[in-house]
Amino acid sequence: MSRIFLLLASISALLGVAGGAFGAHLLSARIPPDLLAVYETGIRYQLVHALAMALVALAADRWPDRLWARAGWLFASGTVLFSGSLYALSLSGIRWLGAITPLGGICFLVGWLFCATSVARSVR
């Protein structure tokens, strides 16, 4: 399972860096500053959670617990929902897409809760 999360983390980071370059070089002159800020927030959360998926992969090998895999899938889902909805909103200007973003945020929060729970279990 850890290899899957390292693969997902690597792909997500690759796309995040490419998306950041796209935003900086092509979007900055084409979309309003408020929508560019929305786009950049999506990039930031994608990159942070790419690192989180890599952490999950490494931690799952060190402290086996089924919650690591659940956290990894929540981080992946959260990236699609949170960052994806922000990308769609910023590129299309369709504001109701922002209603999807909190679902991704909940995925992130629960993923971090699962990480904390798994660590707490391993300390005993």
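The structure under discussion appears in the preceding block.
Every value quoted in this text rests on a predicted model; they were computed, and no experiment measured them. All residue numbers here refer to positions counted from 1 along the written sequence of the relevant chain. Only residues with pLDDT of at least 70 get local features here, since the model is predicted, and only at 80 or more are side-chain atom pairs given and counted; chain-wide, interface and lining totals rely on the full set of residues. Only hydrogens and water are set aside when side-chain values are computed; all heavy atoms of the structure are taken into account.

J.: When you look at the overall build of the protein in this model, what are you seeing that I'm missing?
T.: Per the secondary structure count, the protein includes four helices and zero strands. The helix and strand sequence of the protein, counted from the amino end, reads α-α-α-α. In terms of its C-alpha atoms, the protein occupies a principal-axis envelope of roughly 55 × 25 × 20 Å. Between buried and exposed lies partly exposed: a residue is buried under 20% and exposed over 50% of the maximum accessible area for its type, with that area taken using a 1.4 Å probe on protein chains only. Burial analysis of the protein (124 residues in total) assigns 41% to the buried set. A run of DSSP states H or I qualifies as a helix once it reaches four residues; a run of E qualifies as a strand once it reaches two. Both are numbered from the N-terminal end.

J.: Looking at this structure, how should I read the packing of aromatic side chains?
T.: In this description, a pair of aromatic rings is defined by centroid distance and the angle of the planes. Planes of paired rings set the category: under 30 degrees apart is stacked, over 60 is edge-to-face and the rest tilted, where pairs are Phe, Tyr or Trp rings (Trp by its six-membered ring) whose centres lie within 6.5 Å. Tallied over the entire structure, the rule returns seven aromatic pairs. Judged by centre distance (5.2 Å) and plane angle (45 degrees), the rings of Tyr39 and Tyr87 are tilted. With Tyr39 in helix α2 (residues 33-62) and Tyr87 in helix α3 (residues 66-92), the pair connects residues that are 48 residues apart, well separated along the chain. The class of Tyr39 is buried, set by a relative accessible area of 5%. Relative to Phe108, the ring of Tyr45 has its centre 6.1 Å away and its plane inclined at 20 degrees; by these criteria the two rings are stacked. Of this pair, Tyr45 sits in helix α2 while Phe108 sits in helix α4 (residues 101-123), placing them 63 residues apart in sequence. In this structure Tyr45 comes out as partly exposed when scored by relative accessible area, which is 34%.

J.: So what exactly am I meant to see when it comes to helix α1 (residues 2-27) here?
T.: Along an α-helix, a turn takes 3.6 residues, which lines up residues three or four apart on a common side. A helix is expected to span 1.5 Å for every residue after the first. Between its first and last C-alpha atoms α1 spans 35 Å; for 26 residues at 1.5 Å apiece the expected length is 38 Å, and the two agree. Those residues of α1 that fall on the buried side of the exposure criterion are Ser2, Phe5, Ala9, Ser12, Gly16, Gly19, Gly23 and Leu27. Elements in contact with the buried residues of α1: α2 and α3. The contact rule is simple, with two residues in contact once any of their heavy atoms fall within 4.5 Å.

J.: Please explain a nonpolar patch on the surface as it appears in this structure.
T.: In this analysis, a patch consists of residues with relative accessible area above 30% that form no salt bridge, clustered at 9 Å for like charges and at 5 Å for the nonpolar side chains Val, Leu, Ile, Met, Phe, Trp and Tyr. Shrake-Rupley sampling with a 1.4 Å probe provides the accessible areas, and residues are treated as covered by the protein chains on show and by no other component. Every case where a carboxyl oxygen of Asp or Glu lies within 4 Å of a side-chain nitrogen of Lys or Arg is listed as a salt bridge. On the surface, Met1, Ile4 and Trp73 cluster together into a nonpolar patch covering about 310 Å² of accessible area. Checked against the element boundaries, Met1 lands in the segment before α1. Here Met1 falls in the exposed class, since its relative accessible area comes to 54%.

J.: Teacher, can you tell me more about the packing of α2 against α4 here?
T.: Helix-helix packing: each pair is described by the crossing angle between the helix axes and the interaxial distance. Between α2 and α4, the least distance of the axes is 12 Å, while the angle of their chain directions is 25 degrees. Our classification of the angle between α2 and α4 gives roughly parallel. At the point where α2 passes α4, the crossing takes the left-handed sense. Residues Tyr45, His49, Ala52, Leu55 and Val56 of α2 lie in contact with α4, whose contacting residues are Phe108, Trp112 and Cys115. Split into classes, the residues belonging to the contact of α2 with α4 amount to seven nonpolar, one polar and no charged. Comment: axis = line fitted to C-alpha atoms, over the contacting stretch for helices; angle = value between 0 and 180 degrees taken between N-to-C directions. Roughly parallel refers to an angle under 35 degrees, roughly antiparallel to one over 145, roughly perpendicular to one between 65 and 115, and oblique to any angle outside these ranges. Handedness of a crossing is defined here by the sense of rotation of the near helix relative to the far one, left-handed for an anticlockwise turn of less than a right angle and right-handed for a clockwise turn. Residue classes follow a fixed rule: Ala, Val, Leu, Ile, Met, Phe, Trp, Tyr, Cys and Pro count as nonpolar, while Asp, Glu, Lys and Arg count as charged, and any other residue, Gly among them, counts as polar.

J.: How should I be thinking about the nonpolar core in this particular structure?
T.: Of all hydrophobic cores here, the largest spans 27 residues; its most connected members are Val56, Phe75 and Cys115. Secondary structure elements with two or more residues in this core: α1, α2, α3 and α4. Of the residues forming this core, the biggest block, eleven residues, is contributed by α2. In this structure Phe75 touches His49, Ala52, Met53, Val56, Phe108, Gly111, Trp112 and Cys115, once residues within four positions along its chain are discounted. The term nonpolar core refers to a set of buried residues drawn from Ala, Val, Leu, Ile, Met, Phe, Trp, Tyr and Cys, joined through side-chain atoms within 4.5 Å.

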